[in-house]
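A look at the structure
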Amino acid sequence: MRNLWEFRSGKPSHYPDQSVYAAYACAEFGLDFTDIDAGTGLVFSVSSANRSLHFGAGRCSWYPQNNATASTLASDKYFAARILTQAGVAALGGEYFFLHDRHRAHRPAGHEREDALAHFAKLGGSAFVKPLTGSRGDFAQALHDGTALIKYLAEVAQYYDAILMQGIVAGNEYRVFLLDDEVLFTARKQPPSIVGDGASRIRDLLTAHNDGLQSRGLSPASIDPDAAFDAVLPAGERWEIPGRMNLSAGGTMVLEAPPSAAALTLARRAARALGLRVAAIDLFTGIGGDANAMQVIEVNSNPSIRMLEQSGRGDLILKIWHHGFSAMGLL
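Here is what the cut-offs are and how they apply
Residues numbered from 1 in each chain as written. Predicted model: local features only at pLDDT ≥ 70, side-chain atom pairs only at ≥ 80, totals over all residues. Heavy atoms only, no water. Helix = DSSP H or I, 4+ residues; strand = E, 2+ residues; numbered from the N terminus. Rg over C-alpha atoms; globule rule 2.2 N^0.38 Å. Buried < 20%, exposed > 50% of the residue type's maximum accessible area, 1.4 Å probe, protein only. Contact = heavy atoms within 4.5 Å. Areas by Shrake-Rupley, 256 points an atom, 1.4 Å probe, with all protein chains shown as cover. Salt bridge = Lys/Arg side-chain N within 4 Å of Asp/Glu carboxyl O. Expected span 1.5 Å × (residues − 1). Pairing = 2+ DSSP bridges. Axes fitted to C-alpha atoms, helices over the stretch in contact; angles between N-to-C directions. Core = buried A, V, L, I, M, F, W, Y, C linked by side-chain atoms within 4.5 Å. 1 Å grid on protein atoms, 1.4 Å probe; cavity = no way out; pocket = protein on both sides within 12 Å on 5 of 7 lines; lining within 4 Å. Points joined across faces, edges and corners; volume = space filled by probe spheres on them. Nonpolar A, V, L, I, M, F, W, Y, C, P; charged D, E, K, R; others polar. Parallel < 35°, antiparallel > 145°, perpendicular 65-115°, else oblique. Polar contact = N/O pair within 3.5 Å; in protein donor to acceptor, adjacent residues only side chain to side chain. Patch = residues over 30% accessible without salt bridge, like charges linked within 9 Å, V, L, I, M, F, W, Y side chains within 5 Å.

Moving on: the overall build of the protein chain. Scanning the protein chain from N- to C-terminus turns up ten helices and 14 strands. By the compact-globule yardstick of 20 Å for 331 residues, the protein chain fits well, its C-alpha radius of gyration being 21 Å. Across its three principal axes, the protein chain shows a C-alpha extent of roughly 60 × 55 × 45 Å. Among the 331 residues that make up the protein chain, the fraction classed as buried is 46%. A separation threshold of at least 6 residues defines the contact pool for the protein chain, and within that pool the share at least 24 residues apart is 65%. When the accessible surface of the protein chain is split by element, carbon and sulfur atoms take 52% of a total near 15,700 Å².

Quick look at the structure:
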């Protein structure tokens, strides 16, 4: 097996991860990788002796073995939750609300901005909110008062059409990656953090962290103003940023099995309910301190696998691409 670093070396930071992995897999399996966008990696083809398949970065799916309907349903957090609930799969659920008046005539009542405020009050004035079709943890955060919600809706409306609002749930977060019914790997998610240098205030370190997120097109971490943020963090000391744990937002994932086989069963049932052959199921275990309480957070039909490269598991990257190439008749 060749070294994945050979295919990463010399690529700019914006070069798509999956384009690197596809070239790596093609070299391993004797397929032809052809960049058809002047070396950007944004559009490429993979070919065998008698067949060719195209891939594109951005919103394009890297997993052609997932059919378009299943992938689209999974990308809408409300649709996915309804399907999971109907199938008897424990999921967080939530209610959706639109942020713009356009197309209002084409949708049922009860899902407008004013309804979001009423539902927020029904949840006790605290909720976890995120874009209905968002990804990478963008604008995913907990809110604890109505004024914060109004400000949040106005800001998110610049980028998205709708949000999903859920009750706040606390537990241990895991990701289960499935190829058909096989559990390829499981990982424990941890929140992002800043590291003290003995001179900078927590507030300044957070500002630098948020600047980095915004440069990558992600919303900043939402932290309530607090005088304690003026404290200087000792050199080497970590300070966790609460909320989203997405890798793109600075979180970490460590290969680790969930505490019970029941979590794997729950993940398999979720993928089957949506009809996905490749899926990364994010779920909470140990909800409220109850070791047996678990729920699906969301289902990812186009998951990133960057953490496998970071964990030195090129073998698993090859297995994922082999599955796709085989499903499409290239191998």
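Taken as a whole, this structure holds 18 salt bridges when the rule is applied. K189 is the salt-bridge partner of E173, the closest N and O atoms lying 3.5 Å from each other. Residue E173 is located in strand β8 (residues 172-179), and its partner K189 is located in strand β9 (residues 182-190); the two are separated by 16 residues in the primary sequence. With relative accessibility at 4%, the residue K189 sits in the buried group. Residues R188 and E256 are paired through a salt bridge, measuring 3.7 Å at the closest nitrogen-oxygen approach. Of this pair, R188 sits in strand β9 while E256 sits in the loop between β12 (252-255) and α8 (261-274), placing them 68 residues apart in sequence. With a relative accessible area of 22%, R188 lands in the partly exposed category. E256 sits in the partly exposed class, given a relative accessible area of 32%. Several salt bridges converge on common partners, so that one network encompasses D101, R104, R107, E112 and E114.

Next up on the list: α8. Taking 1.5 Å of rise per residue, the 14 residues of α8 would be expected to cover 20 Å, and the 21 Å separating its terminal C-alpha atoms lies within 8% of that figure. Looking at the buried positions of α8, the neighbouring elements they touch are α3 (68-75), α4 (77-86), β8, β13 (278-285) and β14 (295-300). After α8 finishes, the residue G275 shows a positive phi value of roughly 75°.

What follows concerns the sheet that holds strand β4 (residues 95-98). Pairing within the open sheet is antiparallel, and its four strands lie in the order β4-β7-β5-β6. Strands with a single pairing partner mark the edges of an open sheet, and in this sheet they are β4 and β6 (141-143). Sheet twist, expressed as the mean angle between neighbouring strand axes with direction ignored, is 35°. Pairing between strand β5 (residues 127-131) and strand β7 (residues 162-166): four bridges, direction antiparallel. By the bridge assignment, V129 is partnered in β7 with M165.

What follows covers the nonpolar core. Side chains of a nonpolar character, in soluble globular proteins, are inclined to be buried together. Core analysis: the biggest nonpolar cluster contains 37 residues, and F177, I305, W321 and F325 have the highest contact counts within it. Among the elements that take part in this core, helix α2 (residues 17-29) stands out by supplying seven residues, more than any other. Residues L84, A91, A271 and M294 belong to the second largest nonpolar core, which totals 22 residues.

This next bit is on empty space enclosed by the protein. The tally for this structure, following the rule as stated, stands at one cavity of 30 Å³ or more. Each pocket or cavity is described by its volume, and for the largest cavity that value is around 50 Å³. Examining the composition of the lining of the largest cavity, we find that four residues originate from one element, helix α10 (residues 314-327), more than from any other. Its residues assigned to classes, the lining of the largest cavity shows seven nonpolar, two polar and no charged.

The geometry of α2 relative to α10 is characterised by a closest axis approach of 9 Å and an angle of 80° between their N-to-C directions. By the criterion of interaxial angle, the relationship of α2 to α10 is roughly perpendicular. Note on element contacts: α10 touches α2 through G314, I317, L318, W321, H322 and F325, opposite Q18, Y21, A22, Y24, A25, C26, E28 and F29. Residues belonging to the contact of α2 with α10 are distributed by class as follows: ten nonpolar, three polar and one charged.

Further remarks concern the side chain of E112. The topology assignment puts E112 in the loop between β4 and α5 (113-122). Polar contacts involving the side chain of E112 include one to the side chain of R107, which spans 2.7 Å. Sequence-distant contacts of E112, that is, excluding residues within four places in its chain, are made with F97, F98, H100, R104 and R107.

The next subject is a nonpolar patch on the surface. On the surface, I36, L42 and V43 cluster together into a nonpolar patch covering about 230 Å² of accessible area. Here L42 is to be found in the loop between β1 (32-35) and β2 (43-47). The exposure class assigned to L42 is partly exposed, which follows from its relative accessible area of 40%.

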